[in-house]
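Letter by letter, the chains look like this.
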Amino acid sequence: MRILVVEDARSLAEVVAEGLRDQGMAVDLAHDGLEAAAKLDVNAYEVVVLDRDLPGIHGDVLCQMITGRDDRPMVLMLTAAGAPGDRVSGLTLGADDYLAKPFHFPELVLRVRGLARRRPSARARTLRAAGLELDPVRRTALRDGRPLALSVKEFAVLEALLRASPGFLSAEELLEQVWDENADPFTNTVTVTIGRLRRKLGGPPVITTTPGVGYRIADAPDG
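Analysis parameters
- Residues numbered from 1 in each chain as written.
- Predicted model: local features only at pLDDT ≥ 70, side-chain atom pairs only at ≥ 80, totals over all residues.
- Heavy atoms only, no water.
- Helix = DSSP H or I, 4+ residues; strand = E, 2+ residues; numbered from the N terminus.
- Buried < 20%, exposed > 50% of the residue type's maximum accessible area, 1.4 Å probe, protein only.
- Contact = heavy atoms within 4.5 Å.
- Areas by Shrake-Rupley, 256 points an atom, 1.4 Å probe, with all protein chains shown as cover.
- Lys, Arg positive; Asp, Glu negative; His and termini not counted.
- Charge placed at Lys NZ, Arg CZ, Asp CG, Glu CD.
- Domains from an automatic or database assignment.
- Buried area = accessible area lost by both parts, 1.4 Å probe.
- Polar contact = N/O pair within 3.5 Å; in protein donor to acceptor, adjacent residues only side chain to side chain.
- Axes fitted to C-alpha atoms, helices over the stretch in contact; angles between N-to-C directions.
- Left-handed = near helix turned anticlockwise from the far one by under 90°.
- Nonpolar A, V, L, I, M, F, W, Y, C, P; charged D, E, K, R; others polar.
- UniProt positions renumbered as here; feature names shortened; annotations may be inferred.
- Pairing = 2+ DSSP bridges.
- Salt bridge = Lys/Arg side-chain N within 4 Å of Asp/Glu carboxyl O.

Asker: Would you mind going over the overall build of the protein in detail, with residue names and values included?
Answerer: For the protein, the helix and strand inventory stands at eight helices and eleven strands. For the protein, the proportion of its 223 residues judged to be buried stands at 47%. In the protein, 58% of the contacts between residues at least 6 apart in sequence involve partners at least 24 apart. When the accessible area of the protein is evaluated, it comes to approximately 10700 Å², of which 54% is carbon and sulfur surface. Measuring between centres, the 28 positive side-chain charges of the protein sit 6 Å from its 32 negative side-chain charges.

Asker: Could you give an account of the domain arrangement of the protein, naming the residues involved and the relevant values?
Answerer: Interfaces are frequently sized by the accessible area removed from exposure as the parts join. Per the domain assignment, the segments of the protein are domain 1 (2–117) and domain 2 (127–217). On a C-alpha basis, the centroid separation for the pair domain 1 and domain 2 is 27 Å. Taken together, the contact pairs 13 residues of domain 1 with twelve residues of domain 2. Carbon and sulfur atoms make up 41% of the area that domain 1 and domain 2 hide from each other, which totals about 990 Å². The tally of links from domain 1 across to domain 2 stands at two residue pairs in polar contact (both at pLDDT 80 or more). Of all the elements in the fold, those that place two or more residues in the side of domain 1 that touches domain 2 are helix H1 (10–22), strand S2 (26–30) and helix H5 (105–118).

Asker: Kindly report on the packing of H1 against H5, identifying the contributing residues and their values.
Answerer: Interaxial distance between H1 and H5 falls to 11 Å at its minimum, and their mutual angle equals 65°. Here H1 runs over H5; the crossing is right-handed. Along the contact surface, H1 presents Val16, Gly19 and Leu20, while H5 presents Phe105, Leu108 and Val109. Here the contact of H1 with H5 is built from residues that sort into five nonpolar, one polar and no charged.

Asker: Before we move on, could you go through the UniProt feature "modified residue: 4-aspartylphosphate" (unreviewed entry) in the protein and cite the residues and values that matter?
Answerer: According to UniProt, the "modified residue: 4-aspartylphosphate" (unreviewed entry) feature falls on Asp51. Here aspartate 51 lies in strand S3 (residues 47–51). What makes aspartate 51 buried here is its relative accessible area of 4%. Leave out the neighbours within four places in its chain, and aspartate 51 touches Val6, Glu7, Asp8, Gly59, Leu78, Thr79 and Lys101.

Asker: An account of the sheet that holds S3 is requested, with residue identities and associated values reported.
Answerer: Ordered by their spatial adjacency, five strands build an open sheet running S2-S1-S3-S4-S5, and the pairing between neighbours is parallel. Two strands lie at the open edges of the sheet, namely S2 and strand S5 (97–100), each paired on one side alone. Averaged over neighbouring strand pairs, the angle between their axes works out to 20° when direction is ignored. On the sheet, H1 packs against strand S1 (2–6) and S2 and is oriented at approximately 170° with respect to S2.

Asker: So what's going on with the pattern of salt bridges? Which residues, and what values?
Answerer: The final tally for this structure, using the stated rule, is 14 salt bridges. Where arginine 2 meets aspartate 28, a salt bridge forms, and the shortest distance between an N and an O atom there is 2.6 Å. Here arginine 2, found in strand S1, pairs with aspartate 28, found in strand S2; they are 26 residues apart in sequence, far enough to count as distant. Each member of the pair, arginine 2 as well as aspartate 28, is classed as buried. Among the salt bridges present, the one from lysine 200 reaches glutamate 154, with a minimum N-O distance of 2.8 Å.

Asker: I'd like a description of the environment of glutamate 14, backed by residues and values.
Answerer: Here glutamate 14 is to be found in helix H1. Residue glutamate 14 is classed as partly exposed on the basis of its relative accessible area, which comes to 39%. Sequence separation of glutamate 14 and leucine 29 is 15 residues, and the distance between their C-alpha atoms is 8.1 Å.

Here's what the structure looks like:
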């Protein structure tokens, strides 16, 4: 799940971003509306956590720009203005949810995950393929009924592969979906993480690699 956090208070933005990353999300940051608009033109996000009072392009204007897009991300408006009238006006602008500052971080996480599930293109909550079963909300993963102890990145890679199944994801696509804009495309991060994940999944192997194409979940061969 890739998230864009748009917040001009840099210390708060870093705290929110790191907290969401600890939950296995890929998070990009923008500190003003112009920077956010540029990133929205380049990257596909599932949820935008949007501060309302932004320099450059005001959060209200940016929210309207987002809601006019095809296959748009969901918008969680995050603001210090928490009166009922402010919430109503924020939702009228097209925001999908509204959270007033100060907030409890666990509530923010729940709302972000809830918005991702509500997104029109979102799939079923429980992902299943090749004997694997993954629940992104409960953070559980099973193979043939056996619980898997996965790291945050391993879980996120498996989730991305299951969402794409039976299709392929290239290393570049995995970097984009699971890491963030700061990931070095020339590192072997994806290869190393896939290797650890394969070991934890055990045999027979269900993650296949096609050179020049990418990775996918495939049914284990018989016998």
